[in-house]
Amino acid sequence: MILGIDTSTQVGSVALVAHGRVAVSRYFDIGLQHSQQLFAEIEHACSMADCSIADLVAIGVTTGPGSFTGVRIGLAAAKGLCLVDDKPLVAVSTLAALAAGLPCVSEPVCALLDARKEQVYAGLYDNTGGLPVELVAPRAIDPRALVAERAGQRTLYIGDGADAYSALIEATPGARRVPFHCARPHAAAVGALAWELFERGKVADLDAIEPDYLRAPDATISAKKLL
C-alpha cells in the first residue's frame, strides 16, 4: 500500500491505497490546525489496516500549490516518515489531486485553489482516461483572465477557487462548477496518483524536494530576525 497525505488546503486527509482499492480513508475538516491532527490520523489509518509505515511501498504527499503552512506540514511529515523507515517519497500536485476527483468526464477539468489577492492557482486537465493528464501547467492567474481564456469552451471547475469566484464562473458560457462533495482534494486521489508515478519511477529526492507554491509566500521572515 501507499500512504497518501494531503494538508494543502483548509481540509486534510490521509488514505492507505492498494492496487485497485482504497483500504482506509480519513478526512478532517474540523477547524484544527493540521499539525494537531495529522499524525493521529495516520496512526489510526495504519491501525485500521493492521499495518505500519515500515510495511508500505511508498508515501505520497501533495506538494502544492496551496496553503503555505499546510503544504509545509504535509511535506515535512511525509519526509520524516520516509527518513525513519527508508521509504520513497512521491510528490503529487495538489491541483492534479483535486482534478482526479472527477475521473472519466468528457470536458476538460480546471482545478482552482483560492490564492487570495484576486488570484487563483489553476491547472487544466484531461480526465477522459480516468487519471488527469495536464493540458495547461499550474499557474497563479487572475480568475477573470482565466475564464476569459475558456469562455465558450465546455469546462468543469473544481476547488475552493471555483467557490470563491462562483458568480464569475456561472456567468461564463460553457462553464460549470462541481457539487460540494467532490470540490476538495482527497488523500485517496493522492495515493492513486502516487501509485501511477511510483510505477513510472517518479520518486522525489528527499534532500531536494521543496513545496511548489507557484508564487512567493505572503508572509516572510526577516533575515535580521535570524541573526
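The structure under discussion appears in the preceding block.
Position numbers for residues start from 1 in each chain and track the written sequence from start to end. Predicted model: local features are reported for residues with pLDDT of at least 70 only, side-chain atom pairs are reported and counted for 80 or more only, and whole-chain, interface and lining totals are derived from all residues. Excluded from the side-chain calculations are hydrogens and water; all other atoms, namely the structure's heavy atoms, are used.

Draft legend 1. Inspection of the pattern of salt bridges at higher detail. Each salt bridge in this description consists of a side-chain nitrogen of Lys or Arg and a carboxyl oxygen of Asp or Glu lying within 4 Å of one another. Enumeration over the complete set of coordinates arrives at 11 salt bridges. Of the charged contacts, one joins Arg116 and Asp114 as a salt bridge, the two residues approaching to 3.2 Å between their closest N and O atoms. A residue is classified by how much of its surface remains accessible, and Arg116, at 54% relative accessible area, is exposed. Each of Asp163, Glu170, Arg177 and Arg184 takes part in one network of salt bridges that share partners. Exposure classes here rest on a 1.4 Å probe applied to the protein chains alone. A residue is buried below 20% of its type maximum, exposed above 50%, and partly exposed in between.

Draft legend 2. Quick look at the packing of helix H1 (residues 34–48) against helix H2 (residues 68–85). Contact geometry for H1 and H2: axes closest at 10 Å, N-to-C directions at 35°. Seen from above, H1 lies across H2 with right-handed handedness. Contacts between H1 and H2 involve His34, Ser35, Leu38, Phe39 and Ile42 on the former and, on the latter, Gly70, Ile73, Gly74, Ala77 and Leu81. To get an axis, fit a line to the C-alpha atoms, keeping to the stretch in contact for a helix; angles then go from 0 to 180 degrees between the N-to-C directions. Each helix corresponds to a stretch of at least 4 residues labelled H or I by DSSP, and each strand to a stretch of at least 2 residues labelled E; elements are numbered beginning at the N terminus. A crossing counts as left-handed when the near helix is turned anticlockwise from the far one by less than a right angle, and as right-handed when that turn is clockwise. Contact between two residues is taken to exist if any of their heavy atoms lie within 4.5 Å; hydrogens are not considered.

Draft legend 3. A look at H2. Helix length check: H2, at 18 residues, gives a terminal C-alpha distance of 26 Å against a target of 26 Å (1.5 Å per residue), a fit within 8%. Here H2 has its buried residues at Gly70, Val71, Gly74, Leu75, Ala77, Ala78, Leu81 and Cys82. When H2 is viewed along its axis, its buried side chains cluster within an angular range of 160° and face the same direction. For H2, exposure combined with an orientation more than 90 degrees from the buried face picks out Leu83 and Val84. As for H2, its buried residues are in contact with strand S1 (2–6), H1, strand S4 (58–62) and strand S5 (89–92). Of the residues one or two after H2, Asp86 is the one with positive phi, at around 55°. Take the residue count of a helix, subtract one, and multiply by 1.5 Å to get its expected span. Here, the arc refers to the directions that run from the helix axis to the C-beta atoms.

Draft legend 4. Spatial organisation of H1. Taking 1.5 Å as the rise per residue, H1 with 15 residues should run 21 Å; its terminal C-alpha atoms sit 20 Å apart, in good agreement. Taken as a whole, H1 has its buried residues at His34, Gln37, Leu38, Glu41, Ile42, Ala45 and Cys46. Buried residues of H1, viewed axially, fall in a sector of 160°; they line one side. Along H1, exposed side chains directed more than 90 degrees from the buried face belong to Gln36, Glu43 and Ser47.

Draft legend 5. Structural detail: the sheet that holds strand S2 (residues 12–18). Spatial strand order, S3-S2-S1-S4-S5: five strands in an open sheet with mixed pairing. The sheet is open, and its two edges are formed by strand S3 (21–28) and S5, each paired on a single side. Direction aside, neighbouring strands of the sheet carry axes that sit 15° apart on average. Pairing between strands requires that DSSP locate at least two bridges from one strand to the other. Bridge count between S2 and S3: seven bridges; the pairing is antiparallel. Across the sheet, Ser13 pairs through a bridge with Tyr27, a residue of S3. Those strands touched by H2 are S1, S4 and S5, and its axis lies near 170° from that of S4. In the packing of helix H7 (residues 187–199) onto the sheet, contacts are made with S1, S2, S3, S4 and S5, and the angle to S1 comes to roughly 130°.

Draft legend 6. Structural context of unusual backbone geometry. Note the cis peptide between Gly64 and Pro65, where omega equals 0°. With phi around 55°, Asp86 is a residue other than glycine that occupies positive phi space. For Asp86, the location among the structural elements is in the loop between H2 and S5. At Cys104, a residue that is not glycine, the phi angle is positive and equals roughly 65°. In this fold, Cys104 is placed in the loop between helix H3 (94–99) and strand S6 (109–116).

Draft legend 7. Focus on the pairing of strand S7 (residues 119–126). Where burial is concerned, most of S7 is hidden: six out of the eight residues are buried. Note that S6 and S7 share seven bridges and pair antiparallel. Bridging from a neighbouring strand, Arg116 pairs with Gln119 of S7. Between S6 and S7, which pair antiparallel one after the other, the connecting turn spans two residues, and Lys117 there sits at a positive phi close to 50°. As defined by bridge partners, S7 adjoins strand S8 (residues 133–141) across six bridges and the pair is classed as antiparallel. Counterpart to Asp126 in the pairing with S8 is Val133. Two successive antiparallel strands, S7 and S8, enclose a turn made up of six residues, where Gly130 displays a positive phi of approximately 110°.

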